[in-house]
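What follows is the residue order along each chain.
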Amino acid sequence: MAIRDILKYPHPILRRKAAQVTDFDDNLRKLVADMAETMYDAPGVGLAAPQIGVSLQLLVMDITGKDEEPELIVLANPVLSEGEGAALEEEGCLSVVDLTARVQRFTKIRVQAQDIDGTSLDFIADEWFARVIQHEVDHLNGILFIDHLSSLKRAMYKKKRKKQLAQATA
Ligand code: NI
């Protein structure tokens, strides 16, 4: 296992639509192990493969609390449907540094996906679990949480980030 570098906005891979996972093999297991290690190290509650530069429809998450046993969830090729309700809650992202903002998401969704062995999954997620899945699935479609903000807020963040990067290379 290895901790991988997390790509940061505005890296172009974060904007790509990821390809389907087709091979549920040892390479996939290794990739998932790296993603999990990278996510726990960050620390974050979710990580999508494009965030470490692998443009595949694959994500890991763990929404258990600090004092609970960790429980890793792996979803390949997730498809969301039957969105219900709406809630505005604070989100951040390991690929969008120095910004958190309130984002509107469905409060309940149906999730169809495959697990690490390629077995089909079909379940209903709600509340925080549903929010994290929606955030991570966005990554697989090249969407970042800043895309859900007003164009003014997004423009402000772009400007701030440009300045940061200019200072970093100065
Ligand atoms: Ni994110």
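Structure: above.
Residues numbered from 1 in each chain as written. Predicted model: local features only at pLDDT ≥ 70, side-chain atom pairs only at ≥ 80, totals over all residues. Heavy atoms only, no water.

Visitor: For this particular structure, what's the right way to read the sheet that holds strand E2 (residues 58–61)?
Guide: Hydrogen bonds between backbone groups are what pair the strands of a sheet, and the pairing can be parallel or antiparallel. Ordered by their spatial adjacency, five strands build an open sheet running E1-E2-E3-E6-E7, and the pairing between neighbours is antiparallel. Of all the strands in the sheet, just strand E1 (46–48) and strand E7 (120–126) have a single pairing partner and so form its edges. Averaged over neighbouring strand pairs, the angle between their axes works out to 40 degrees when direction is ignored. Direction of pairing for E1 relative to E2: antiparallel, over a ladder of three bridges. If you follow Leu-47 over to E2, its bridge partner there is Val-60. Strands in contact with helix H1 (residues 26–41) are E1, E2 and strand E3 (73–84); relative to E2, the strand with the most contacts, it is inclined by about 40 degrees. (Pairing = 2+ DSSP bridges. Helix = DSSP H or I, 4+ residues; strand = E, 2+ residues; numbered from the N terminus. Axes fitted to C-alpha atoms, helices over the stretch in contact; angles between N-to-C directions. Contact = heavy atoms within 4.5 Å.)

Visitor: Explanation requested: the coordination of the nickel ion in the structure shown.
Guide: Ideal geometry at a metal centre gives angles of 109.5 degrees when four donors are arranged tetrahedrally and 90 or 180 degrees when six donors are arranged octahedrally. Surrounding the nickel ion are the protein donor atoms Cys-93 (SG), His-135 (NE2) and His-139 (NE2), at 2.1 to 2.2 Å. Taken in chain order, the donor set of the nickel ion reads C-x41-H-x3-H. Placement of the pair is His-135 and His-139 together in helix H2 (residues 127–140), with a separation of four residues, close to one helical turn. For His-139, a relative accessible area of 2% translates into the label buried. (Donors = N, O, S within 2.8 Å, 3.2 Å for Na, K, Ca; no water. Buried < 20%, exposed > 50% of the residue type's maximum accessible area, 1.4 Å probe, protein only.)

Visitor: Quick question: what am I supposed to make of a negative patch on the surface here?
Guide: Negative charge collects at one region of the surface, where Glu-89, Glu-90, Asp-126 and Glu-127 lie side by side. For Glu-89, the location among the structural elements is in strand E4 (residues 87–93). (Patch = residues over 30% accessible without salt bridge, like charges linked within 9 Å, V, L, I, M, F, W, Y side chains within 5 Å. Areas by Shrake-Rupley, 256 points an atom, 1.4 Å probe, with all protein chains shown as cover. Salt bridge = Lys/Arg side-chain N within 4 Å of Asp/Glu carboxyl O. Lys, Arg positive; Asp, Glu negative; His and termini not counted. Charge placed at Lys NZ, Arg CZ, Asp CG, Glu CD.)

Visitor: I would appreciate a short explanation of unusual backbone geometry in the present structure.
Guide: Note on backbone geometry: most residues besides glycine have negative phi, and most peptide bonds are trans. Cis rather than trans, the peptide bond between Tyr-9 and Pro-10 has omega equal to 10 degrees. Residue placement: Pro-10 occurs in the segment before H1. The linkage connecting Ala-42 with the following residue, Pro-43, adopts the cis geometry, with an omega of -15 degrees. Residue position: Pro-43 is located in the loop between H1 and E1. Its identity is not glycine, yet Glu-82 carries a phi of approximately 55 degrees, on the positive side. Structurally, Glu-82 can be placed in strand E3.

Visitor: Would you take a moment to explain the nonpolar core for this structure?
Guide: Generally speaking, soluble globular proteins have nonpolar side chains that are buried together. Counting residues in each nonpolar core, the largest one holds 15 residues, and the members touching the most others are Leu-59, Met-61, Leu-75, Val-111, Ala-125 and Ile-133. Only E2, E3, strand E6 (108–114) and H2 provide two or more residues apiece to this core. When neighbours within four sequence positions are excluded, Leu-59 is seen to be in contact with Met-35, Leu-47, Ala-48, Ile-73, Val-74, Leu-75, Pro-78, Glu-136, Val-137 and Leu-140. Leu-28, Leu-31, Met-39 and Ala-49 belong to the second-largest nonpolar core, a separate cluster that totals 14 residues. (Core = buried A, V, L, I, M, F, W, Y, C linked by side-chain atoms within 4.5 Å.)

Visitor: Any chance you could explain a nonpolar patch on the surface here in plain terms?
Guide: A cluster of nonpolar side chains, Val-45, Ile-63 and Trp-128, forms an exposed patch at the surface whose accessible area comes to about 240 Å². Within the element layout of this structure, Val-45 appears in the loop between H1 and E1.

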